[in-house]
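# Working through the structure, step by step
Letter by letter, the chains look like this.
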Amino acid sequence: MAITSLDPGPGAAALQAWGGQMAAFGSNETVVDKVLPDMLHLIDAHWHQFPPMNPLWHGLLGFVIGVLGFISVTGNGMVVYIFTTTKSLKTPSNILVVNLAFSDFLMMFMMAPPMVINCYNETWVFGPLACQLYACAGSLYGCVSIWTMTMIAFDRYNVIVKGIAAKPMTINGALLRVFFIWAFSLAWTVAPLFGWGRYVPEGNMTACGTDYFDQSISNMTYILLYSIACYYAPLFLIIYSYFFIVQAVAAHEKAMREQAKKMNVASLRSSDQANTSAECKLAKVALMTISLWFMAWTPYLVINYAGIFKTMTISPIVTIWGSVFAKANAVYNPIVYGISHPKYRAALYARFPALSCQTAPEDTGSVASAATATEEKPSA
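Everything in this summary refers to the structure shown in the same document. (Residues numbered from 1 in each chain as written. Predicted model: local features only at pLDDT ≥ 70, side-chain atom pairs only at ≥ 80, totals over all residues. Heavy atoms only, no water.)

### Some details on the packing of aromatic side chains
- Using the criterion set out here, one finds 23 aromatic pairs in the structure.
- Centroid distance Trp47 to Phe50: 6.0 Å. Interplanar angle 45°. Geometry classified as tilted.
- Accessibility expressed as a relative area gives 2% for Trp47, which makes it buried.
- We classify Phe50 as buried; its relative accessible area is 13%.
- Between Tyr231 and Tyr232 the ring centres are 5.2 Å apart and the planes differ by 90°, which places this aromatic pair in the edge-to-face class.
- For Tyr231, a relative accessible area of 6% translates into the label buried.
- Ring-pair connections join several aromatic residues into one group, and the members of that group are Trp147, Phe180, Phe184, Trp188, Trp196, Tyr222 and Tyr226. (Phe/Tyr/Trp six-rings, centres within 6.5 Å; stacked < 30°, edge-to-face > 60°. Buried < 20%, exposed > 50% of the residue type's maximum accessible area, 1.4 Å probe, protein only.)

And the structure:
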């Protein structure tokens, strides 16, 4: 007599469900299968060779982006609030810091929620137009942040390297720079909406960005020139500025030590560490700024170049790292440019005493590099 029903138990049922979920990785299903029909014309044939991503990756990506979004919106929002409501912080230099925080705030406020929703659905669910606008917004805020960091480096270079001979930046000068940054960035990032370049879903199908598989002259020239305008040029200018800033501070500290020797200061040896503290702090800030900048935007550059030059096979999982590293930039920018500012910290602790774990002594060794606090020490 045939047995028509068996109860394998809950353990076997779980294994069966798990096996059904994983069956796609050994079948003809691809990462494109869940893409909505109105999005298929934007999907490059390259992605049809890859099986669906493990749902665990979508879950992790959505969780990470959600956490980064919360931290960034809170941190940058606080930077904008403190800098715009504290009288002592309303300086021309700090307008650039506010612009950086505002750009990073908008990036995560507008881009993190859609990506979390898409990760939950394991594909882009908002349609082709939203995909174009999402990619354009990401490029815009990224380019604005990059060039704002460059202008901050220029401001520090002007005050520290040129010293008293430098022409101080005015409120109007700072606002003009902010206007230039947004206009320049907007001109580059709306170009794909008008036919020069193209915005398409990325390999993970939960975000959108530049099309790095289109081998047309129009698309390739856009990616190459855009990388020059918003990666190589600002990176070179930031390195140039901080190189001479560190050099100027090192020369200043050396002159101070030589002057101390001429004055026969008995405690010169014991004060060596104090004399070099400014130089060391500045070198660390410069190294951190350049390293974090490089770490944030290089993955996207590598992915785009690998696509147009076909130097490596880009899998859907690889495209995740571009999104994570670029968006993480919006998290640590307020730390580097806001919390490292002594006056900002003082105002923050005054408004929110609970954030101050202990009463910190006045930082008499503060250097001019501390987040555009350069006006506090123009002689450097």
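### So, a nonpolar patch on the surface
- A cluster of nonpolar side chains, Phe63, Val64, Val67, Phe70 and Ile71, forms an exposed patch at the surface whose accessible area comes to about 480 Å².
- Checked against the element boundaries, Val67 lands in helix α2 (residues 55-85).
- The class of Val67 is partly exposed, set by a relative accessible area of 34%. (Patch = residues over 30% accessible without salt bridge, like charges linked within 9 Å, V, L, I, M, F, W, Y side chains within 5 Å. Areas by Shrake-Rupley, 256 points an atom, 1.4 Å probe, with all protein chains shown as cover. Salt bridge = Lys/Arg side-chain N within 4 Å of Asp/Glu carboxyl O. Helix = DSSP H or I, 4+ residues; strand = E, 2+ residues; numbered from the N terminus.)

### Here we look at the state of the cysteines
- Counted according to the given criterion, the structure contains 2 disulfides.
- The residue that forms a disulfide with Cys131 is Cys208, at a sulfur-sulfur distance of 2.0 Å. The S-S bond linking Cys131 to Cys208 shows a torsion near -120°; that makes this disulfide left-handed. Pair noted here: Cys131 is in helix α4 (residues 127-160) and Cys208 is in strand β2 (residues 208-210), with a separation of 77 residues, a long-range link. Of the two residues, Cys131 and Cys208, neither departs from the other in class, the shared state being buried.
- Disulfide partner of Cys143: Cys230, at an S-S distance of 2.4 Å. Across the S-S bond linking Cys143 and Cys230, the dihedral sits near -55°, which makes this disulfide left-handed. With Cys143 in helix α4 and Cys230 in helix α6 (residues 217-262), the pair connects residues that are 87 residues apart, well separated along the chain.
- A relative accessible area of 6% places Cys230 in the buried class. (Disulfide = S-S within 2.5 Å.)

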